[in-house]
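# Notes for the structure review
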Amino acid sequence: MMKVKRQTQGSAQTGSGLEAIPSLNKRMHSLVMRQDRLAGNVFLLPAVLVILSLAIFPLIISLYLSFSSFRFVKGGFALKFVGLANYKKLLIGSAKTRFLGVLANPSIFGWLVFIIIAALLVISLVLYIRRGQLSAGGLFYRGLAAIVIGLGAWLLVRTLGPDGRPGTLIITLIYVFIGIFFQYLLGLGMAMLTTQALPGRRFFRTVFFLPLMITPVGIAYLFRMLTDTTKGPFAVIWQMVGLSGFSWANNPWGARVAVMLGDIWQWTPFMFIVLLAALESQSIEPFEAAMVDGANKWQIFRYITLPQILPVSATIILIRMIEAFKIVDIPNVLTNGGPGTASESLALQSYMYWRALDLGGSASVSYMLLITVTLAGLCYFNLIHRAVKEKE
Amino acid sequence: MKKPFRRKSIFSPSPAAMVLSYLVLGIWAFVVLFPLYWYVVTSIKLPIQVIEGPFYIPFVDFQPSLHAWRYIFTDLRNDTLRPYFNTVVISLISSILALLIGMAAAYGLLRFNYRPRLVAILMFIGCIVLVIVAISFGMPWKLALIAGIVLFIILLQTIGRRFKRSLGNNDIAFWMISTRILPPVVIVIPMYILFQRVGLLDTKTALIITYLAVSLPIVVWLMRDYFSSIPIELEESATVDGASRYRIFLSIVLPLSAPGLVATFLLILVFNWNEYLLALFLTSSRAQTLPLTVAAQNATRGPQWWYMSVLILIMIIPVIAMAIVLERYIARGLLVGAIKE
């Protein structure tokens, strides 16, 4: 490789010196082009090979596994093609309560929520069509988003009602969206506070950054200690509010909240550092103009700061969303998915199946997770992310 | 960065706002620091002091003891040091490899034109699927592989030539980055089977390879954006002076992107250092990493909080030290990635 490099260097040097001779120059040019193509492949191919063989190849095998049943036989294992049986089991079969949850008739409040969401979806679709800038792609993604959100809302009101029980799909969605909501708000708030000219703000910045560095397993144990109502550090507080007998791990919502708290504690710093850097890199002139015009703090935030950090926000929320769907360590260690399967995420369900040697089931759950992430990501990217970027 | 004076005039808060800010910041600092403090306190408690209820301050509430530290470092000795060594080796090597391969790809995607033909890609995937199906129906895998390659080449030379539709750099970049969407559980079962077949299960190599694949998209994505913030004129003038592409990359582009490289490296290092799920699937004893050792402290006798705290502390101290030193780099490197697309 070194030899090739030297040669190119030498030949290119003579080439630049002989520009007056067109034919020779042309030949040099084509030589440089060929060297370029080689260099291009040298740069890109290793990564393509790694991703092809270690991400795409397993993806295809996994798809195949999800259509088959797996069992051990003498001297190895046997795969049997079973078609859609694994998926059927999740959606309508024996694993339905675990995956989708117990579907009850929505309460009146549930109906109300669903009708409001459906109405909003229809209105936004109608508004989009009436605006007259129709494009096939735009219509497709809006329709897709409407269907996905509508289905999600329907599942939500039916499983979260008084008689229903959410399955792993809904629980994962709750972890993702409630988690991101609080992470973003807290991260933004802290970032805004630390951009002020306060003495000692470097200390706060460094401290706020720390939870990101801690292994999720450690965080899970940490929150197990902290949510212990008799021996944990906050036992005194629990006794004061009369909850000393309450066990977070044995109450479905307690377990879920504990998992979310751990997740929020860990990932707020991520939002914090990126938003902090974004706030610091804002241009200063609009602020000065606004101060001269006598704008108040809220107006400055709403009309100057927010538009400037919106593109960054859209991107980090997308990143967090993609990562948050993979949540597995915290529920696994903190609650072991319990009580029952009340705090189990999709990734954890897949792991549990794998541990029970149901490889086909495991693969089908992970494919459902992949489909969910992809749908959520597509809708978010095409509607919110793109709109924000265009406004820029 | 030379704005402190102007910054002060606009961003210095009124006294009341200042008190309020400190209050809120103080509360959040407590929320962040108290758990860390609790690790430290728990690690110097005797089991009885943990079980009997909350004690907060050493020497006042309880008499601290180093028994847990002694147990982890002398009694367990190799069972602590081996996972520690594994974690260091695995996370360092996989992060370095991912950085090397990823930054080359990121640069290539930015400065070269690639035109892979759509048909070729589709046929390649089709052949892989055929090979897998053939193997699962009992065909010997070597034969199936060769047949697949032959079929692919024949198809490419015949039908493949007719269709000229090709993809561009952005499509490749999007494809690479979008593999980040794949939840690890999707790819880990085939990896498990693969590593089992080639006898790499429960080895460091298996984890290094897996972590490399998982962190590569992050590197490509962050470094592509970082490289694009380097003015192309510099590279053009170097080309005129006769430098090769490799030389330009090594002696112009890389030195200029040091902050981005540091940030990206740290980020993937921390991810790989803390990774749990893949290690759980792919290792059992020899190549076990620290997160698994921590998780394993939840013994049949109930969680051993004191040992666990020690393990978590020795695990987070090096990362936190690095984070404190390089915090600014990380923020800047991440920001570039988030602003550009």
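Values in this document were obtained by computation on a predicted structure and should not be read as measured data.

This brings us to the overall build of chain B. Regarding its fold elements, chain B presents 16 helices and 2 strands. Projected onto its principal axes, the C-alpha positions of chain B cover 85 × 65 × 35 Å. Buried positions account for 38% of the 341 residues belonging to chain B. Considering only contacts in chain B between residues 6 or more positions apart, those separated by 24 or more positions represent 78%.

Opposite the 90 residues of chain B that make contact, chain A presents 89 residues. Considering every element that reaches the side of chain B that touches chain A, the biggest residue donor is helix H16 (residues 305-339) of chain B, with 17 residues.

This next bit is on the domain arrangement of chain A. Residue and element names in this part refer to chain A. Annotation of chain A at the domain level lists domain 1 (2-66) and domain 2 (166-391). Each partner contributes residues to the interface: domain 1 has 4 residues there, and domain 2 has 6 residues. Among the residues forming the side of domain 1 that touches domain 2, the class breakdown is 2 nonpolar, 2 polar and no charged.

This next bit is on the confidence of the model for chain B. The share of residues in chain B with pLDDT of 70 or more is 91%, and the mean pLDDT across the chain is 82. In the model, residues 1-9 of chain B has pLDDT below 50 throughout and makes 4 contacts with residues more than four positions away in sequence or in other chains.

With a phi close to 65°, A:Leu357 is a non-glycine residue in the positive phi region. Looking at where A:Leu357 falls in the secondary structure, it is placed in the loop between helix H15 (346-355) and helix H16 (359-391). Even without a glycine there, the phi angle at B:Asp202 is positive, about 60°. You can call B:Asp202 partly exposed: it has 16 C-beta atoms within 10 Å.

Residue and element names in this part refer to chain A. For Phe181, the position within the fold is in helix H7 (residues 168-195). The exposed category is assigned to Phe181, around which 12 C-beta atoms lie within 10 Å. For the pair formed by Phe181 and Ile317, sequence separation is 136 residues and the distance between their alpha carbons is 9.1 Å.

What follows covers the nonpolar core. By size, the foremost hydrophobic cluster in this structure holds 171 residues, and its most contacted members are A:Leu275, B:Leu216, B:Val219 and B:Val220. Among the elements that take part in this core, helix H10 (residues 204-228) of chain B stands out by supplying 17 residues, more than any other. Residues within four places of A:Leu275 in sequence aside, it is in contact with A:Gly187, A:Leu188, A:Ala191, A:Ile309 and A:Val312.

The first and last C-alpha atoms of helix H7 (residues 141-158) of chain B sit 26 Å apart over 18 residues, in line with the 26 Å expected at 1.5 Å per residue. Among the 18 residues of H7(B), 1 are classified as buried, and the element is accordingly described as predominantly exposed.

Before going further, it helps to spend a moment on the environment of A:Leu100. Residues and elements named next belong to chain A. Structurally, Leu100 is set in the loop between helix H4 (96-99) and strand E3 (101-102). With 20 C-beta atoms packed within 10 Å, Leu100 lands in the buried category. Between the C-alpha atoms of Leu100 and Thr159, which are 59 residues apart in sequence, the distance is 8.1 Å. Residues within four places of Leu100 in sequence aside, it is in contact with Leu155, Gly167 and Leu169.

Residues and elements named next belong to chain B. Between its first and last C-alpha, helix H12 (residues 245-256) extends 16 Å over 12 residues, near the 16 Å set by a 1.5 Å rise per residue. Those residues of H12 that sit buried are Arg245, Ile248, Phe249 and Val253. On an axial view of H12, the arc spanned by its buried residues comes to 95°, and they lie on one face. Seen from the buried face of H12, the exposed residues on the opposite side, beyond 90 degrees, are Ser251 and Pro255.

All names here are of chain A. Contact geometry for helix H9 (residues 216-226) and helix H11 (residues 252-280): axes closest at 10 Å, N-to-C directions at 130°. Between H9 and H11, the angle is such that the two are oblique. Regarding H9 and H11, the two cross each other, and that crossing is right-handed. Contacts between H9 and H11 pair Pro216, Ile219, Ala220 and Phe223 from the former with Ala258, Leu261, Gly262, Trp265 and Gln266 from the latter.

Our next topic: the environment of B:Leu76. Residues and elements named next belong to chain B. With respect to the secondary-structure elements, Leu76 resides in the loop between helix H4 (67-75) and helix H5 (78-111). Using a count of 16 C-beta atoms within 10 Å as the deciding quantity, one classes Leu76 as partly exposed. Sequence separation between Leu76 and Leu182 is 106 residues; the distance between their C-alpha atoms is 37 Å.

Atom-level detail of predicted coordinates should not be read off regions where pLDDT is low. Residue and element names in this part refer to chain A. For chain A, mean pLDDT is 81; residues scoring 70 or higher make up 90% of the total. When pLDDT is averaged over each helix and strand of chain A, the minimum, 38, is found for helix H1 (residues 2-17) and the maximum, 92, for H7. Here residues 1-21 scores under 50 on pLDDT; set against residues more than four positions off or in separate chains, the count is 21 contacts.

Each value, and the rule that gives it
- Residues numbered from 1 in each chain as written.
- Chains lettered and ligands numbered in written order.
- Predicted model: local features only at pLDDT ≥ 70, side-chain atom pairs only at ≥ 80, totals over all residues.
- Helix = DSSP H or I, 4+ residues; strand = E, 2+ residues; numbered from the N terminus.
- Buried ≥ 20, exposed ≤ 12 C-beta atoms within 10 Å, placed from the backbone.
- Contact = placed C-beta atoms within 7 Å.
- Domains from an automatic or database assignment.
- Nonpolar A, V, L, I, M, F, W, Y, C, P; charged D, E, K, R; others polar.
- pLDDT = per-residue confidence, 0-100.
- Core = buried A, V, L, I, M, F, W, Y, C linked by C-beta atoms within 7 Å.
- Expected span 1.5 Å × (residues − 1).
- Arc of directions from axis to C-beta.
- Axes fitted to C-alpha atoms, helices over the stretch in contact; angles between N-to-C directions.
- Parallel < 35°, antiparallel > 145°, perpendicular 65-115°, else oblique.
- Left-handed = near helix turned anticlockwise from the far one by under 90°.

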